[in-house]
Amino acid sequence: MAYSNPPDPKAYNAQVYEIVRQIPAGRVMTYGQIAAILLPPAGVDPATYAQLSPRWVGTAMAQCPDDVPWQRVINSQGQVSPRPGFGPTVQRKLLEQEGVVFDEHERVDLKRYGWRPREPDEPDAPQQPTLF
DNA sequence: GTTGTGACATCGC
DNA sequence: CGCGATGCCACAA
């Protein structure tokens, strides 16, 4: 396979962590969503960024800082990605503890729990997922 | 210096 | 709906 890295992985990671920190408990965000929110670094082709940014986010999350709720970041399929050494069950458990419900396929309803940061255009009444 | 390996998303069949 | 291929590079052993 092949991975790529942003010009400034550190800065990019910092932005990713910032976004992840803004995710409230009981909500989940996808890598692609985060990647889409973050602006592509200068000198990077938008098309290339579109394809590679998700991996950059994944790589950034792989660093797993202690102050970042990595558990609330899942893939676009609404499923938790298996982390080496921890097992997917742990993440599911953590999310369930926050009120996130998994279906039979171990997937999360992004329509309900998928959260996006308050955009300037949108009022701060994102969604009211019926917890419980 | 070479080899292998990395929390993803999207399109096509 | 599931599986496979493609996008691209840096770091560690």
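Residues numbered from 1 in each chain as written. Chains lettered and ligands numbered in written order. Predicted model: local features only at pLDDT ≥ 70, side-chain atom pairs only at ≥ 80, totals over all residues. Heavy atoms only, no water.

> Could you give me a rundown of the overall build of chain A, with the residues and numbers involved?
Along the backbone of chain A there are five helices and two strands. Along its sequence from the N terminus, chain A presents helices and strands in the succession α-β-α-α-β-α-α. Counting every position in chain A, which comprises 132 residues, the buried fraction comes to 36%. By sequence separation, contacts in chain A at least 24 residues apart represent 59% of the contacts at least 6 residues apart. (Helix = DSSP H or I, 4+ residues; strand = E, 2+ residues; numbered from the N terminus. Buried < 20%, exposed > 50% of the residue type's maximum accessible area, 1.4 Å probe, protein only. Contact = heavy atoms within 4.5 Å.)

> For helix 3 (residues 46-62), give the residues involved together with the corresponding values.
With 17 residues, helix 3 extends 23 Å between its outermost C-alpha atoms, agreeing within 8% with the 24 Å of an ideal straight helix rising 1.5 Å per residue. L52 marks the point of greatest bend in helix 3, at about 45°, and the proline P54 comes within the next four residues. By the burial criterion, the buried members of helix 3 are Y49, S53, W56, V57, A60 and M61. Tucked inside the fold, the buried residues of helix 3 contact helix 1 (9-21), helix 2 (31-37) and strand 2 (73-74). (Expected span 1.5 Å × (residues − 1). Bend = angle between axes of the 7 residues up to and from the residue.)

> Can you break down the packing of aromatic side chains residue by residue, with the values?
Geometry of an aromatic ring pair is reported as the spacing of the ring centres plus the angle between the planes. Here the structure, examined in full by the defined rule, presents three aromatic pairs. Look at Y12 and W56: their rings are 5.5 Å apart centre to centre, the planes differ by 90°, and that puts the pair in the edge-to-face class. Of the two residues, Y12 is situated in helix 1 and W56 in helix 3; the sequence distance between them amounts to 44 residues. Comparing Y12 with W56 shows no difference in burial state: the two are buried. (Phe/Tyr/Trp six-rings, centres within 6.5 Å; stacked < 30°, edge-to-face > 60°.)

> Can you break down the pattern of salt bridges residue by residue, with the values?
For the coordinates displayed, the defined rule picks out four salt bridges. For R72, the salt bridge is made with E98, and the minimal N-O distance between the two is 2.9 Å. Remark: E98 occurs in helix 4 (residues 88-98) and R72 occurs in the loop between helix 3 and strand 2; sequence separation between them is 26 residues. E98 matches R72 in its accessibility class, with the two residues each being buried. Ionic pairing is found between E106 and R92, a salt bridge with its closest N-O pair at 3.9 Å. With E106 in the loop between helix 4 and helix 5 (110-113) and R92 in helix 4, this pair connects stretches of sequence that are 14 residues apart. The exposure class of E106 is partly exposed, given its relative accessible area of 46%. The network of salt bridges with shared partners includes R92, E96 and E106. (Salt bridge = Lys/Arg side-chain N within 4 Å of Asp/Glu carboxyl O.)

> Account for helix 1, with residues named and values stated.
Compared with an ideal rise of 1.5 Å per residue, which puts 13 residues at 18 Å, helix 1 spans 18 Å between its outermost C-alpha atoms and is within 8% of the ideal. Looking at the buried positions of helix 1, the neighbouring elements they touch are strand 1 (29-30), helix 2, helix 3 and strand 2.

> Residue-level account of the protein's contact with DNA strand B, with values.
Near DNA strand B there are 15 residues, and of these R55, M61, W70, N75 and R83 occur at the shortest range. Within 4 Å of the protein, the contacting atoms of DNA strand B are 41% sugar and phosphate, with bases supplying the remainder. Side-chain polar atom of Y31 to a base nitrogen of DNA strand B: 3.1 Å apart, as the coordinates give it. S76 places a polar main-chain atom, nitrogen or oxygen, 2.9 Å from a phosphate oxygen of DNA strand B. Counting residues per element, the ones that place at least two in the surface near DNA strand B are helix 2 and helix 3. (Near = heavy atom within 4 Å. Polar contact = N/O pair within 3.5 Å; in protein donor to acceptor, adjacent residues only side chain to side chain.)

Taken by themselves, the reported measurements are silent on function.
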